Amino acid sequence: MNFSDLGLSDAILRAVSERGYTDPTPIQKQAIPAVLSGIDLLAGAQTGTGKTAGFVLPILHRLSDKTIKGPSEGRPPIRALILVPTRELAAQVEESVREYGKYLKLASMTMIGGVNINPQITRLRSRVDILVATPGRLLDHVGQKTIDLSRIEILVLDEADRMLDMGFIRDIRKILTLLPKTRQNLLFSATFSDEIRSLAAGLLKNPETIEVARRNTTAETITHKVHPVDRDRKRQLLAHLVKEHNWHQVLVFTRTKHGANHLAEYLAKNGIPSLAIHGNKSQSARTRALSEFKEGSLQVLVATDIAARGIDISELPHVVNFELPNVPEDYVHRIGRTGRAGQSGEAVSLVCVDELKLLSNIEKLLKLKIPQEVIRGFEPDRNAKPEPIRMGGRR
Ligand code: AMP
């Protein structure tokens, strides 16, 4: 199937082909016709599947379709609201809206916290058709009466599971009360907990449910590997691996913000350009780190789970779990960043004796025994005793 078979307008197809895409991904094949038809959608898809274009393209089409009665004169109201969990994801989704919509007369805006609210208030005085927002800042605007959500036609909850993990459920419910009753609702989530199902049940009317194969079951393009190592030698091993294999664009996950900072400093001191991103960093520091990483001048980006959520970097070749996540699903989220859209990738985990239980939980979820390789010179002490894992907050 080709993009041109999906019923999208020529202006949108032109932008898609300029981006270099020829064939729609599985989620796009299913989501695009469904969204175009106007129905509600419950989609199981995670980062890396092409889900963003799966909702952005048909939304652009619907909002620009002259045969659908849109707002009439003057400045049109905000017609589509895309809620996302993180600032980075907001920026990336809005960039997609702009890129795919570059031949359309629609205007979009990112609304995120951590930056001055005043430029956003000014921006809201001119045309915004599509708003990409994180829930907290959106509610700040609602509180200041600087935004009108009463004409929203399409609502997207992107990475809904993450939004719930991050405690946004009450914000989301509040936002829902501000929207018109008749609207199209699209819910995207990588996982389906009971909480997601209950949110979906209250939100979606006769939804079409689509689920693309999860990366953990179909990830032939991703090679998983475990390097057993002692707890206090992980840093040296990581530096060794990066240098030995001359790895570039390595995304490294730590459990804590503190751990991320320390590791990035250690690597930088050892001649490997590295920076950490997490919730305590300013928005400009995060944006700078991400762009240096994307363009290749930054060899290693160290991130916590939440900060890394939704980072859109294509062809990311290496993801390293410096520490295994406590929640096995987070492993899937982490490696969702490698080997995306058909590229091959490698997910490497440095595992010490404290983490063996976490490893076996991950293997159970993946239904996969991850091959182990001891690196010469980093053989773990066979008599080492496990210690409890220290946590410093999830971000
Ligand atoms: P997403 O799941 O939306 O975060 O997208 C994952 C990655 O796949 C992004 O880097 C997109 O630019 C890329 N992508 C999206 N759709 C396609 C497509 N049809 N063909 C090739 N790459 C795509």
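Note that the coordinates shown come from a computational prediction; the quantities given were computed from them, not determined experimentally. (Residues numbered from 1 in each chain as written. Predicted model: local features only at pLDDT ≥ 70, side-chain atom pairs only at ≥ 80, totals over all residues. Heavy atoms only, no water.)

Novice: Sorry, what's going on with the nonpolar core here?
Specialist: Membership of the largest hydrophobic core comes to 41 residues, with the highest contact counts inside it found for Leu41, Phe55, Leu57, Ile59, Leu60, Ile82 and Leu186. Ranked by the residues each element gives to this core, the list is headed by helix α3 (residues 51-64), at seven residues. Apart from the residues lying within four places of it in its own chain, the contact partners of Phe55 are Ile82, Val93, Val156, Asp158, Leu186 and Phe188. Core analysis: the second largest hydrophobic core is formed by 35 residues, Leu81, Leu149, Leu176 and Ile306 among them. (Core = buried A, V, L, I, M, F, W, Y, C linked by side-chain atoms within 4.5 Å. Buried < 20%, exposed > 50% of the residue type's maximum accessible area, 1.4 Å probe, protein only. Helix = DSSP H or I, 4+ residues; strand = E, 2+ residues; numbered from the N terminus. Contact = heavy atoms within 4.5 Å.)

Novice: When you look at the domain arrangement of the protein chain in this model, what are you seeing that I'm missing?
Specialist: Examined at the domain level, the protein chain breaks down into domain 1 (3-211) and domain 2 (222-366). Spacing between the C-alpha centres of domain 1 and domain 2 amounts to 29 Å. Carbon and sulfur atoms make up 47% of the area that domain 1 and domain 2 hide from each other, which totals about 1,600 Å². On the domain 1 side of the interface with domain 2, the three residues burying the most area are Glu88, Gln92 and Arg162, jointly 38% of the side's total. Remark: the boundary between domain 1 and domain 2 carries two salt bridges. (Domains from an automatic or database assignment. Buried area = accessible area lost by both parts, 1.4 Å probe. Salt bridge = Lys/Arg side-chain N within 4 Å of Asp/Glu carboxyl O.)

Novice: Where do I start with the packing of aromatic side chains in this structure?
Specialist: Any pair of aromatic rings gets described here by the distance separating the centres and the angle formed by the planes. One pass over the structure, following the stated rule, counts one aromatic pair. Their ring planes at 55° and their centres at 5.1 Å tell us that Phe55 and Phe188 sit as a pair that is tilted. Taken together, the residues span a long stretch of sequence, with Phe55 in helix α3 and Phe188 in strand β6 (residues 184-189) at a distance of 133 residues. Pair check on accessibility: Phe55 and Phe188 agree, each one buried. Directly above the aromatic system of Tyr103 lies the positively charged group of Arg14, at a separation of 3.9 Å from the ring centroid. (Phe/Tyr/Trp six-rings, centres within 6.5 Å; stacked < 30°, edge-to-face > 60°. Lys NZ or Arg CZ within 6 Å of the ring centre and 35° of its normal.)

Novice: What should I look at first to understand the environment of Val332 in this one?
Specialist: Mapped onto the fold, Val332 is located in helix α15 (residues 328-335). For Val332, a relative accessible area of 2% gives the class buried. For the pair Val332 and Ile362, spaced 30 residues apart in sequence, the C-alpha to C-alpha distance is 8.7 Å.

Novice: What is the right way to read the site of the ligand from this model?
Specialist: Neighbouring residues of the ligand: 17 residues in total, closest Tyr21, Gln28, Gly48, Gly50 and Thr52. The backbone of Asp23 places a nitrogen or oxygen atom 2.9 Å from a nitrogen atom of the ligand. Measuring from an oxygen atom of the ligand, one finds a backbone N or O atom of Lys51 at 3.3 Å. If the ligand stood free it would expose 500 Å²; the protein chains cover 88% of that surface. Grouping the constituent residues of the shell around the ligand by class yields four nonpolar, nine polar and four charged. Summarising the domain contributions, the shell around the ligand has at least three residues from each of domain 1 (3-211) and domain 2 (222-366). (Near = heavy atom within 4 Å. Polar contact = N/O pair within 3.5 Å; in protein donor to acceptor, adjacent residues only side chain to side chain. Areas by Shrake-Rupley, 256 points an atom, 1.4 Å probe, with all protein chains shown as cover. Nonpolar A, V, L, I, M, F, W, Y, C, P; charged D, E, K, R; others polar.)

Novice: Any chance you could explain the sheet that holds strand β2 (residues 80-83) here in plain terms?
Specialist: Consider a sheet: its strands pair through backbone hydrogen bonds, and that pairing is either parallel or antiparallel. One open sheet holds the seven strands; their spatial order is β3-β4-β2-β5-β6-β1-β7, and the pairing between them is parallel. In the strand order of this sheet, the two ends are held by β3 (108-111) and β7 (208-211), each with one partner. Adjacent strand axes in the sheet meet at a mean angle of 15° when their direction is disregarded. The pairing of β3 with strand β4 (residues 130-133) spans four bridges and is classified as parallel. If you follow Thr110 over to β4, its bridge partner there is Val132. Sheet strands touched by helix α4 (residues 87-100): β2, β3 and β4. Its angle to β3, the strand with the most contacts, is close to 175°. (Pairing = 2+ DSSP bridges. Axes fitted to C-alpha atoms, helices over the stretch in contact; angles between N-to-C directions.)

Novice: Looking at this model, I keep getting lost on the side chain of Glu323. Mind explaining?
Specialist: If you trace the backbone, Glu323 turns up in the loop between β12 (318-321) and α15. Despite its burial, Glu323 remains without a salt bridge, the nearest opposite charge being carried by Arg255 at 4.4 Å. (Lys, Arg positive; Asp, Glu negative; His and termini not counted.)

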